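# Geometric and topological summary
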2 protein chains.
Amino acid sequence: MNILDDRKAAILKAIVRDYVSEGEPVGSKRLTDSMKLGVSSATVRADMAALEDAGFIAQPHTSAGRVPTDLGYRYFVDALGQTEEPTAEQRAAIEALLLGAGDLEDLLRRTSSVLSRLTRFAALVVAPRLDRSRLRHVELVHLGPHSVLAVLIADTGRVDKRMLDLDKPVSETDVHRARHVVNEAVSGLGLRHAADVVAGVAAGAPEELEGLLDAVAGTITRGVTDAGAGDQVFLGGTVNIVAGGYFERLEQVKQVYETIEEQVVVLKMLRDTLESGDPAVKIGTELPLVELAACSVVAATYETGGGSGGSLGVLGPTRMDYPRTLAAVQAVASSLERALGELVG
Amino acid sequence: MNILDDRKAAILKAIVRDYVSEGEPVGSKRLTDSMKLGVSSATVRADMAALEDAGFIAQPHTSAGRVPTDLGYRYFVDALGQTEEPTAEQRAAIEALLLGAGDLEDLLRRTSSVLSRLTRFAALVVAPRLDRSRLRHVELVHLGPHSVLAVLIADTGRVDKRMLDLDKPVSETDVHRARHVVNEAVSGLGLRHAADVVAGVAAGAPEELEGLLDAVAGTITRGVTDAGAGDQVFLGGTVNIVAGGYFERLEQVKQVYETIEEQVVVLKMLRDTLESGDPAVKIGTELPLVELAACSVVAATYETGGGSGGSLGVLGPTRMDYPRTLAAVQAVASSLERALGELVG
DNA sequence: TGTTGGCACTCTGGTCGGATGACTGCTAGC
DNA sequence: GCTAGCAGTCATCCGACCAGAGTGCCAACA
């Protein structure tokens, strides 16, 4: 990827750094002042013209300095060596998260809060995937003849509940019996396996339980296959989208908000992003959604003891401090792994 | 409260209506044109001066028209007769909510979505209070020797989970036994009663179960007493705070966001608001939080079959269409009651 | 060939003054 | 108690103007 000679690369990096910290298009003079390249501003100008031709930077208008394009940020990110270490301040903030988290949900909520405060961007935290967890217990609650609530409890502490679709009314005792049968069968199994097992049990069960057991099998299957249907997303610090002052047009801000209010979209975004690595960065138009063309996503995964994992990330403007954000996201991900270990152990 | 003569009252109402719909300070000329009072603008001016003296309206600057104060809105709201009927469009939107809600959480999430779309304000929906629900089942899950997860399932379909505080490690079989004992004792009881019963059972239980049962009693008690600790709030349409364009200063918007990201605050706000009636309106400085001095809250309660209830409302600018908002909030509340009935029945 | 200094040009952003228009408060008269 | 008219105030809009920042290009130089 080294299509740029050393000086051009240095200039591009300097432009990115300057623009990220100052927020204003950066010109050749400004650049020669702050860098010690030993060349004049005219030379830098020539290089900048070349960088613009190559698509790494752009000019908002004729007499303005240059601004990095998505491609420019991409080059910058790819050229990063190892990511920064989190600062002491960051560490302290994250440690505060470790203490006092009650349950899994609480922990994930805190995580999204810490992540957003650390980065000053909107934070996205996705709960550990259910389909790779093991079932601890399945509770069936008879709310009415046509409504039975299934509560799936995973070894990660995650609790998932959903109503069963029932054709025929069921009695409270049948629900009790089904509950017993199901728990005998599935305890400790992974979700994929559990669904099959329950389906098998249903086939051989007394008639009055069959429909109920089928519904349970169905609901477990849905937990595995439905992309995002059962996944929980914890959003934090969405204020930052507007408070940061990165966007000029209100319309943009509105679009971003509307987009991330959709869980499914957020999940897909994180999943897409993480396909390219871990941690991963998607910049502007690299994101699958045109509404987010002015945004970047920095994401990472975290693992739980049981082998199931989740993901987390932040959504901010393309004009973000990528090294710092990467460091923060990674630090939070690893702290979350530790906290999860403590919570369950 | 009728300190205003008929004409002054009519003028005040006209000012409120005009300002709400147009968003600009309204002057005497404009008013005489749109109203048919049979008096001249000079007369209206005199009345407006009186209204300003009385504190109902104010002038942003000398040569501008008048804007209602919080007190002015208050008069307007108090003087409203019965609230409007929801429009056909509103009804249709709400009906869409009734269909296809999976479980309680899903239903409440949809409710907040519908409410915000209907009113174009931020919507707040609080889950049915646990302390007035009846317990259907208590599940104890042994995640590790020091961590046991308690899952409380109420007859409303609400599921509440929390980690138990344990002094001593417990074995998986003890958890099983405790689970059995607890469910024998509490099924069908209200939460207040259940806590006492479990505490009683704990006192007479074998030593190895006592700590565990005490912890369960404690966690149930917390469900009753902790203001908001176990209460869930579903926020929806928070975009509208910024998208509406009601606030000039970005700082204000930021404050509002930060305030409502705190569950506890939202809960307290709704509770305070509903102390003054149902449905209830709190305008600007009537709200307990200075940060929300530019906002109003319109709230109502909803009841579930079992006698426990929750509350919902919207948060918008003081410059809101109160009749329309009141109608929408009430319509959503009653639709939610129906939907809850269907979900559980 | 790459680098440099210089120059003309362009475009934005801020400031200033004047014209405009929407109000109000006041007063004299009906 | 109501009205018409008048003088005064203030925000807003608009065009003009200027300073500043930055560019592209060109000729000269190593």
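Scroll up a little and you will see the structure.
Before going into details, it helps to say that this report is about the structure given with it. What you are looking at is a predicted structure, and each value in this text was computed from that prediction instead of being measured. (Residues numbered from 1 in each chain as written. Chains lettered and ligands numbered in written order. Predicted model: local features only at pLDDT ≥ 70, side-chain atom pairs only at ≥ 80, totals over all residues. Heavy atoms only, no water.)

Further remarks concern the interface of chain A and chain B. Between chain A and chain B, the residue contacts involve 42 residues of the former and 40 residues of the latter. For the pair chain A and chain B, the summed buried surface comes to about 3,300 Å²; carbon and sulfur atoms form 60% of the total. Applying the counting criterion to the chain A and chain B interface returns 2 salt bridges. Between lysine 161 of chain B and glutamate 105 of chain A there is a salt bridge, and its shortest N-O distance comes to 2.4 Å. Listed by contribution, the elements that provide at least two residues to the side of chain A that touches chain B are helix H6 (104–119), strand E4 (135–144), strand E5 (147–154), strand E6 (159–163), helix H7 (172–186), helix H10 (239–243), helix H11 (250–260) and helix H13 (322–344) of chain A. (Contact = heavy atoms within 4.5 Å. Buried area = accessible area lost by both parts, 1.4 Å probe. Salt bridge = Lys/Arg side-chain N within 4 Å of Asp/Glu carboxyl O. Helix = DSSP H or I, 4+ residues; strand = E, 2+ residues; numbered from the N terminus.)

What follows deals with the sheet that holds strand E6 (residues 159–163) of chain B. Residues and elements named next belong to chain B. Strand order in the open sheet formed by 3 strands is E4-E5-E6, and the pairing between neighbours is antiparallel. Each edge of the open sheet is held by one strand with a lone partner, namely strand E4 (135–144) and E6. Here the average twist between neighbouring strands, direction ignored, is 15°. (Pairing = 2+ DSSP bridges. Axes fitted to C-alpha atoms, helices over the stretch in contact; angles between N-to-C directions.)

Looking now at helix H3 (residues 41–53) of chain B. Residues and elements named next belong to chain B. For H3, built from 13 residues, the straight-helix expectation of 18 Å at 1.5 Å per residue is met to within 8% by its first-to-last C-alpha distance of 18 Å. Those residues of H3 that fall on the buried side of the exposure criterion are Val44, Asp47, Met48 and Leu51. Axial view of H3: buried residues confined to an arc of 105°, hence all on one face. Next to the buried residues of H3 lie helix H1 (6–22), helix H2 (28–34) and strand E1 (57–58). Positive backbone phi, approximately 90°, marks glycine 55, located one or two places after H3. (Expected span 1.5 Å × (residues − 1). Buried < 20%, exposed > 50% of the residue type's maximum accessible area, 1.4 Å probe, protein only. Arc of directions from axis to C-beta.)

Another aspect to go through is the side chain of arginine 66 of chain A. Residue and element names in this part refer to chain A. Relative to the assigned elements, arginine 66 resides in the loop between strand E1 (57–58) and strand E2 (67–68). Relative accessible area serves as the criterion here: at 13%, arginine 66 is assigned to the buried category. Within the local environment of arginine 66, its side chain forms a polar contact with the side chain of glutamate 52, the two groups lying 2.7 Å apart. The contacts of arginine 66, once residues within four sequence positions are left out, are Ile15, Pro25, Val26, Met48, Ala49, Glu52, Ile57, Ala58 and Gln59. (Polar contact = N/O pair within 3.5 Å; in protein donor to acceptor, adjacent residues only side chain to side chain.)

Now for the protein's contact with DNA strand C. Surveying the vicinity of DNA strand C reveals 20 residues, the closest of which are Arg7, Thr43 and Ser63 of chain A together with Ser28 and Arg66 of chain B. A share of 69% of the atoms of DNA strand C within 4 Å of the protein falls on sugar and phosphate groups. Measuring from a phosphate oxygen of DNA strand C, one finds a side-chain N or O atom of threonine 43 of chain A at 2.3 Å. Measuring from a sugar or linking oxygen of DNA strand C, one finds a backbone N or O atom of serine 63 of chain B at 3.4 Å. (Near = heavy atom within 4 Å.)

Once that is clear, we can look at the relation of the copies chain A and chain B. Rotating chain A by 179° and translating it 0.0 Å along the rotation axis places it on chain B, where the RMSD comes to 0.1 Å. The operation mapping one copy onto its partner corresponds to a two-fold rotation axis. In this assembly the copies share their binding face: 95% of the residues contributing to the interface of chain A also contribute to that of chain B. (Least-squares fit on C-alpha atoms with pLDDT ≥ 70 in both.)

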